[in-house]
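# Survey of secondary and tertiary structure
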Amino acid sequence: MIKRAVPEGENIVRVLVIHGPNMNMLGRREPEIYGRTGLEEINSRLAEAAERLGATIKTFQSNIEGEIVTAIQQAADWADALVINPAAFTHYSIAIRDAIAAVSLPAVEVHLSNIAAREEFRHVSVIAPACVGQIAGFGPMSYILGLEAVVSHVQTSDAGEDQKKERRNEKDGGNR
Ligand code: DQA
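Residues numbered from 1 in each chain as written. Predicted model: local features only at pLDDT ≥ 70, side-chain atom pairs only at ≥ 80, totals over all residues.

## Regarding the overall build of the protein
The number of helices and strands found in the protein is 6 helices and 6 strands. Counted from the first residue to the last, the protein has its helices and strands arranged as β-β-α-α-β-α-β-α-β-β-α-α. Scored against the burial criterion, the 176 residues of the protein give a buried share of 39%. Counted over contacts in the protein with a minimum sequence separation of 6, partners at least 24 positions apart contribute 75%. (Helix = DSSP H or I, 4+ residues; strand = E, 2+ residues; numbered from the N terminus. Buried ≥ 20, exposed ≤ 12 C-beta atoms within 10 Å, placed from the backbone. Contact = placed C-beta atoms within 7 Å.)

## Some details on the confidence of the model for the protein
This prediction gives the protein a mean pLDDT of 91; 84% of its residues lie at or above 70. This model gives residues 3-8 a pLDDT under 50, and the stretch forms 16 contacts once residues within four places in sequence are excluded. (pLDDT = per-residue confidence, 0-100.)

## As for the site of the ligand
Lining the immediate environment of the ligand, one finds N22, N85, A87, A88, T90, H111, L112, S113, I115 and R122. Residue classes in the shell around the ligand are distributed as 4 nonpolar, 5 polar and 1 charged. (Near = placed C-beta within 6 Å. Nonpolar A, V, L, I, M, F, W, Y, C, P; charged D, E, K, R; others polar.)

## Remarks on helix 3 (residues 65-75)
All of the buried residues in helix 3 are I68, A71, I72 and A75. With its buried residues spanning 100° around the axis, helix 3 presents them on a single face. Residues of helix 3 that are exposed and point more than 90 degrees away from the buried face comprise G66 and Q73. Against the buried residues of helix 3 lie strand 2 (13-19), strand 3 (55-61), strand 4 (81-85) and helix 4 (94-103). (Arc of directions from axis to C-beta.)

## Digging into helix 5 (residues 141-156)
Helical geometry note: an α-helix holds 3.6 residues per turn, so side chains three or four residues apart project in the same direction. For helix 5, spanning 16 residues, the distance from its first C-alpha to its last is 22 Å, which sits close to the expected 22 Å at 1.5 Å a residue. Listed as buried for helix 5 are S142, Y143, I144, G146, L147, V150, V151 and V154. (Expected span 1.5 Å × (residues − 1).)

## Comments concerning the pairing of strand 4
Counting buried positions along strand 4 gives 5 out of 5 residues, so the element sits mostly inside the fold. Residues A81, V83 and N85 of strand 4 are buried on one face, and the alternating residues L82 and I84, pointing to the opposite face, are buried as well. Across 5 bridges, the pairing between strand 2 and strand 4 is parallel. Looking across to strand 4, one finds that H19 is bridged to N85. Bridge count for strand 4 against strand 5 (residues 107-111) is 3 bridges, and the pairing is parallel. (Pairing = 2+ DSSP bridges.)

## Topic: the nonpolar core
Counting 44 residues, the largest nonpolar core has V15, L82, V83 and L147 as the members making the most contacts within it. The biggest single contributor to this core is helix 5, with 6 residues. (Core = buried A, V, L, I, M, F, W, Y, C linked by C-beta atoms within 7 Å.)

## Let's talk about the environment of V154
Here V154 is to be found in helix 5. The spacing of V154 and V13 is 141 residues in sequence and 7.5 Å in space, taken between C-alpha atoms.

## Here we look at the packing of helix 2 (residues 39-53) against helix 5
With their axes 10 Å apart at the nearest point, helix 2 and helix 5 run at an angle of 30° to one another. Between helix 2 and helix 5, the angle is such that the two are roughly parallel. Considering only the axes of helix 2 and helix 5, their crossing is right-handed. Together, I42, R45, L46, A49, A50 and L53 of helix 2 and Y143, I144, L147, E148 and V151 of helix 5 make up the contact between the two elements. (Axes fitted to C-alpha atoms, helices over the stretch in contact; angles between N-to-C directions. Parallel < 35°, antiparallel > 145°, perpendicular 65-115°, else oblique. Left-handed = near helix turned anticlockwise from the far one by under 90°.)

## Comments concerning the packing of helix 3 against helix 4
When two helices pack together, you describe them by how their axes are tilted relative to each other and by the distance separating the axes. At a minimum axis distance of 9 Å, the contact between helix 3 and helix 4 shows a crossing angle of 5°. Here helix 4 runs roughly parallel to helix 3, going by the angle between their axes. Here E65, I68, V69, I72, Q73 and A75 of helix 3 lie close against helix 4, whose contacting residues are A95, I96, A99, I100 and V103. Looking at side-chain class alone, the contact of helix 3 with helix 4 contains 9 nonpolar, 1 polar and 1 charged residues.

Structure, rendered in structure tokens:
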């Protein structure tokens, strides 16, 4: 289910935050690697950060690749940017990478753990090339840093601003 954290408004950057498979288990899942903070707490910290940054977020978690692809496709109708922790899909989902490329929304990939310092199969991200950048290794703070990065990217890049206006015009019939 997609949850809206703060109300929409003029000039607010709209971000979809996506959590991949097993992220619903955070807090209980391998706490020595992922810590003891649960997903709800991460989402509420993100909502607080969004308010401070002049952004609005929706959060979405799924264990199913196709649902994540669909959420990304639907985000093209309303969002300005994506923050995504693709979890295990990071390392092999060409479908998620293609969805990000297809919607051409700026995306930041985030990870709680430092994937570069873990098993070799985690060193490769097939998603990263479709993203503006990647933040890994800071626990729940990776999400906050990812949100800050993508909001700043949208606010400061001409391309981001233009795309934002274009999307709003398409959606609102040019009323903004
Ligand atoms: C993760 C790292 C991935 O390798 C792993 O499959 C996850 C979580 C992280 O946030 O550190 O599920 O994305």
